[in-house]
Amino acid sequence: SITEYGSDPSGWVTRLGWHYSRKADVINRGYSGYTTRLIRAILPDVLDGLTSRPTRLVTLLLGSNDSTVAGHFQHVPPDEFEANVVFILRELKSTFKD
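All figures in this text were calculated on a predicted structure; none of them were measured in a lab.

Peer 1: Provide a residue-level description of the pattern of salt bridges, including the pertinent values.
Peer 2: In the structure shown here, the tally under the stated rule is one salt bridge. Here Glu-80 and Arg-37 are joined by a salt bridge, their closest N and O atoms 2.7 Å apart. Residue Glu-80 is found in helix α3 (residues 78-95), and its partner Arg-37 is found in helix α2 (residues 36-48); the two are separated by 43 residues along the sequence. For Arg-37, a relative accessible area of 35% gives the class partly exposed.

What follows is the structure in structure tokens.
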């Protein structure tokens, strides 16, 4: 996973953490192989542990696994992908109101 492995010693998440040291905490929630369908299902649990501190920025990288060919076990049709992303964004906006 592009996101999950970003926490490797030379990964992009590690580099962001180094850059923002003493300024901000960089928290990575990468899930290798997950689709928007699976993220939507676990989103309440993911967000539950992140609400105790002020949040200034959230980034999402979704869709790489969803976009496999129809019939592949990870495939998520475009209309469902769109609905999942809208749901995820609404949940993020509701959770991190400020």
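Okay, back to it.
Peer 1: An account of the packing of aromatic side chains is needed here, citing residue identities and associated values.
Peer 2: This structure, assessed with the given rule, holds one aromatic pair. Arranged with centres 5.2 Å apart and planes meeting at 45 degrees, the rings of Tyr-31 and Tyr-34 form a pair that is tilted. The exposure class of Tyr-34 is partly exposed, given its relative accessible area of 32%. Positioned above the aromatic ring of Phe-87, the side-chain terminus of Arg-40 is 4.0 Å from the ring centre.

Peer 1: Break down a nonpolar patch on the surface for me, citing the residues and quoting the values.
Peer 2: Together, Ile-2, Trp-12, Leu-16, Tyr-20, Val-26 and Leu-61 give the surface a local cluster of nonpolar side chains, amounting to about 540 Å² of exposed area. Along the chain, Ile-2 falls in the segment before α1 (12-19).

Peer 1: How would you explain the nonpolar core if you had to name every residue and give the values?
Peer 2: Core analysis: the biggest nonpolar cluster contains eight residues, these being Ile-39, Leu-43, Val-46, Leu-47, Leu-50, Ile-88, Leu-92 and Phe-96. Looking at this core, the elements that each hand over two or more residues are α2 and α3. Counting residues per element, this core draws most heavily on α2, which supplies four residues. When sequence neighbours within four positions are dropped, the list of residues in contact with Ile-39 reads Tyr-31, Tyr-34, Leu-62 and Ile-88.

Peer 1: Tell me about the packing of α2 against α3, and name the residues and values.
Peer 2: The interhelical angle for the contact between α2 and α3, taken along N-to-C directions, is 10 degrees, at an axis separation of 9 Å. Considering their axes alone, α2 and α3 lie roughly parallel with respect to each other. For the pair α2 and α3, the sense of crossing is left-handed. Here α2 contributes Thr-36, Arg-37, Ile-39, Arg-40, Leu-43 and Leu-47 to the contact with α3, which in turn contributes Glu-80, Phe-81, Ala-83, Asn-84, Val-85, Phe-87, Ile-88, Glu-91, Leu-92 and Thr-95. A breakdown of the residues in the contact of α2 with α3 according to their chemical character gives nine nonpolar, three polar and four charged.

Peer 1: Help me get a handle on the environment of Phe-87, residues and values and all.
Peer 2: Its place among the elements puts Phe-87 in helix α3. On the basis of relative accessibility, which here comes to 27%, the residue Phe-87 falls in the partly exposed class. When the C-alpha atoms of Phe-87 and Arg-40 are compared, they prove to be 7.6 Å apart, with 47 residues separating the residues in sequence. Those residues in contact with Phe-87, other than ones at most four positions away along the chain, are Arg-40 and Leu-43.

Peer 1: So what's going on with the environment of Ile-88? Which residues, and what values?
Peer 2: Positionally, Ile-88 belongs in helix α3. When its relative accessible area of 2% is taken as the criterion, Ile-88 is described as buried. Taking the C-alpha atoms as reference points, Ile-88 and Phe-73, separated by 15 residues in sequence, lie 21 Å from one another. Leaving out residues up to four positions away in the same chain, Ile-88 has contacts with Thr-36, Ile-39, Arg-40, Leu-43, Leu-60 and Leu-62.

Basis of the calculations
As a convention, each chain's residues are numbered from 1 in the sequence order in which they are written. Predicted model: local features are reported for residues with pLDDT of at least 70 only, side-chain atom pairs are reported and counted for 80 or more only, and whole-chain, interface and lining totals are derived from all residues. Side-chain metrics rest on all non-hydrogen atoms present in the structure, leaving aside hydrogens and water. For this document, the term salt bridge refers to a Lys or Arg side-chain nitrogen within 4 Å of an Asp or Glu carboxyl oxygen. The helix count covers DSSP runs of H or I at least four residues long, the strand count covers runs of E at least two residues long, and both are numbered beginning at the N terminus. Three labels apply to residues, based on accessible area from a 1.4 Å probe with only protein chains included: buried if under 20% of the type maximum, exposed if over 50%, partly exposed otherwise in between. Stacked, tilted and edge-to-face pairs are distinguished by plane angle, under 30 degrees for stacked and over 60 for edge-to-face with tilted covering the rest, among Phe, Tyr and Trp rings (Trp via its six-membered ring) whose centres lie within 6.5 Å. A ring is considered to have a charge above it if a Lys NZ or an Arg CZ atom is located within 6 Å of its centre and within 35 degrees of its normal. Nonpolar side chains (Val, Leu, Ile, Met, Phe, Trp, Tyr) within 5 Å and like charges within 9 Å form the patches, drawn only from residues with over 30% relative accessible area and no salt bridge. Calculation of accessible area relied on Shrake-Rupley with a 1.4 Å probe; when residues are assessed, cover is drawn exclusively from the protein chains displayed. In plain words, nonpolar cores are sets of buried Ala, Val, Leu, Ile, Met, Phe, Trp, Tyr and Cys residues tied together by side-chain atoms within 4.5 Å. Whether two residues are in contact is decided by their heavy atoms: any pair within 4.5 Å suffices. Note on geometry: axes are C-alpha line fits, over the in-contact stretch for helices, and angles between N-to-C directions span 0 to 180 degrees. Just so you know how the angles are binned, under 35 degrees is roughly parallel, over 145 roughly antiparallel, 65 to 115 roughly perpendicular, and the rest oblique. Helix crossings get a hand from a simple test, with the near helix turned counterclockwise from the far one by less than a right angle marking a left-handed crossing and a clockwise turn marking a right-handed one. Side-chain classes follow a simple rule in which Ala, Val, Leu, Ile, Met, Phe, Trp, Tyr, Cys and Pro form the nonpolar group, Asp, Glu, Lys and Arg form the charged group, and the remainder, Gly included, forms the polar group.

Shape is all these values report; function is a separate question.
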